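# Topology and contacts: notes
Chain by chain, the residues:
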Amino acid sequence: MSSPGSQPAEKNDPQSFPVLDHQFLSFWKEAAGEDLGAFLEELKSLFKVEYQERREELIAALESPEDEVLSALVHRICGSIGNVALGRAAAYCRSVELGLRAGTFTEYDSLVSRMDAYVSEGLEELETIS
Amino acid sequence: MSKILIADDDPLMIRLLEFNLKRHGHQLIICREGLGAEHLIRVERPDIAIIDLMLPGKSGEELIETIRGDEDLAGLPIIVVTGRGEDQLHNQLTQAGANRIFTKPFAPSLLLSAISELVPPNE
């Protein structure tokens, strides 16, 4: 798994986004109150299952990449990532999705490893909250 | 308390909505795809529908068009949740008949306020 920080700076660089989306976390706090820890644990478990399934779909789709198919898959993964407040990982997925839609995305070989790295980084930081 | 239909295929978003809405006493009907959601709207007669745009079977936008084009269902308040924040898309959804549009992530309190506004308590 590559380090999220190993890539060069680019426009809308995910590195410029916080690892966690604290705005979203504050929404959870508002909703969950004292139950936040248990709620986060539940969301993380759901996310891990969902991410694994979508990731496998993405790997399969990358065998014969079509930008339209990939952008729909990445959009969906981005939604799941956003739901667990992984701000930087979501920013990376959004930039990939936009690149795929615009036909400017070329880094197919590193897509999954970079996404994994940002997700791992985010989940590790989320552990410190729950 | 309102009877709310949630049409979303993302288990995380469903859980987030469920967590927030059940705490406030709302009754939920959950469906993970568009055609099933249309069927449940006809059968269960919810007070309001919360619809994700990217649904399998029938997209959220198609579902809104079906609801607004059906005399029997046209009055159903619709809240759309989407990960896409483009103005053009939001205008398109408003024209199609969405009453409110929330771009993820959104504050649970705003969603609850929208439900209260769209479904008066005596209904």
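This text gives an overview of the structure that appears in the document. (Residues numbered from 1 in each chain as written. Chains lettered and ligands numbered in written order. Predicted model: local features only at pLDDT ≥ 70, side-chain atom pairs only at ≥ 80, totals over all residues.)

## Quick word on the interface of chain A and chain B
In many analyses, interface size is given as the accessible surface area lost on bringing the parts together. This is how the line gets drawn: Residues are defined as contacting one another if the C-beta atoms placed from their backbone atoms lie within 7 Å. Each helix corresponds to a stretch of at least 4 residues labelled H or I by DSSP, and each strand to a stretch of at least 2 residues labelled E; elements are numbered beginning at the N terminus. By the convention adopted, Pro, Cys, Tyr, Trp, Phe, Met, Ile, Leu, Val and Ala count as nonpolar, Lys, Arg, Asp and Glu as charged, and the other residues, Gly among them, as polar.
At the interface, 20 residues of chain A touch 15 residues of chain B. Residue assignment for the side of chain A that touches chain B shows that the elements contributing at least two residues are α1 (22–32), α2 (36–61) and α3 (67–83) of chain A. Counted by class, the side of chain A that touches chain B contains nine nonpolar, six polar and five charged residues.

## Details of α1 of chain A
Side chains that are three or four residues apart share a direction in an α-helix, a result of its 3.6 residues per turn. Selection rule: Each residue is classed by its C-beta neighbour count within 10 Å, where at least 20 other C-beta atoms makes it buried, 12 or fewer makes it exposed, and intermediate counts make it partly exposed; the C-beta atoms are placed from backbone geometry. Throughout, the arc means the angular range of directions from the helix axis out to the C-beta atoms.
Residues of α1 of chain A that are buried: F24, F27, W28 and A31 of chain A. Looking straight down α1 of chain A, one finds its buried side chains confined to an arc of 100 degrees; they lie on one side. As for α1 of chain A, its buried residues are in contact with α2 of chain A together with α1 (11–23) and α5 (108–118) of chain B. Just downstream of α1 of chain A lies G33 of chain A, where phi reads positive at about 55 degrees.

## So, unusual backbone geometry
With a phi angle near 65 degrees, A85 of chain A is a residue other than glycine that sits in the positive phi range. As for its position among the elements, A85 of chain A is in the loop between α3 and α4 (87–102). Owing to 27 C-beta atoms within 10 Å, A85 of chain A belongs among the buried residues under this scheme. If you check the backbone angles, R45 of chain B has positive phi at about 50 degrees while not being a glycine. Residue position: R45 of chain B is located in the loop between α2 (34–44) and β3 (48–52).

## Here's the deal with the nonpolar core
Here is the rule we go by: The nonpolar core criterion groups buried Ala, Val, Leu, Ile, Met, Phe, Trp, Tyr and Cys residues into a set whenever they are joined through C-beta atoms within 7 Å.
One finds I81, A89 and C93 of chain A together with A7 and A49 of chain B to be the most contacted residues of the largest nonpolar core, which totals 63 residues. Filtering out sequence-adjacent residues up to four positions away, A49 of chain B remains in contact with L5, A7, I41, L76 and I78 of chain B.

## Remarks on the environment of R84 of chain B
Tracing the backbone through its elements, the reader meets R84 of chain B in the loop between β4 (78–82) and α4 (87–96). Spatially, the C-alpha atoms of R84 of chain B and T103 of chain B are 6.3 Å apart, while their sequence positions differ by 19 residues.

## Observations concerning the sheet that holds strand β1 (residues 3–7) of chain B
Residue and element names in this part refer to chain B. Worth spelling out the cut-off: By the convention used here, strands pair only if DSSP detects at least 2 bridges between them. All axes are obtained by fitting lines to C-alpha atoms, using only the stretch in contact for helices, and the reported angles, taken between N-to-C directions, cover 0 to 180 degrees.
Ordered in space as β2-β1-β3-β4-β5, the five strands form an open sheet in which the pairing is parallel. At either margin of the open sheet sits one strand with a lone partner, and together these are β2 (27–31) and β5 (100–103). Going from strand to strand, the sheet's axes swing by 20 degrees on average, the running direction of each strand aside. Against the sheet, α2 makes contact with β1, β2 and β3, and its axis sits at roughly 165 degrees relative to β1, the strand it touches most.

## Quick word on the packing of α2 of chain A against α1 of chain B
Applicable threshold: Each angle receives one of four descriptions, namely roughly parallel if under 35 degrees, roughly antiparallel if over 145, roughly perpendicular if within 65 to 115, and oblique otherwise. Crossing handedness is defined as follows: a turn of the near helix away from the far one that is anticlockwise and smaller than a right angle gives a left-handed crossing, while the clockwise case is right-handed.
Taken N-terminus to C-terminus, the directions of α2 of chain A and α1 of chain B make an angle of 160 degrees; their axes are 9 Å apart at the nearest point. Viewed along their axes, α2 of chain A and α1 of chain B adopt a mutual orientation that is roughly antiparallel. Crossing of α2 of chain A over α1 of chain B shows right-handed handedness. Residue-level inspection shows F39, E42, L43, L46, F47 and E50 of chain A of α2 of chain A in contact with α1 of chain B, the latter providing P11, L12, R15 and F19 of chain B. Partitioning the contact of α2 of chain A with α1 of chain B into residue classes produces seven nonpolar, no polar and three charged.

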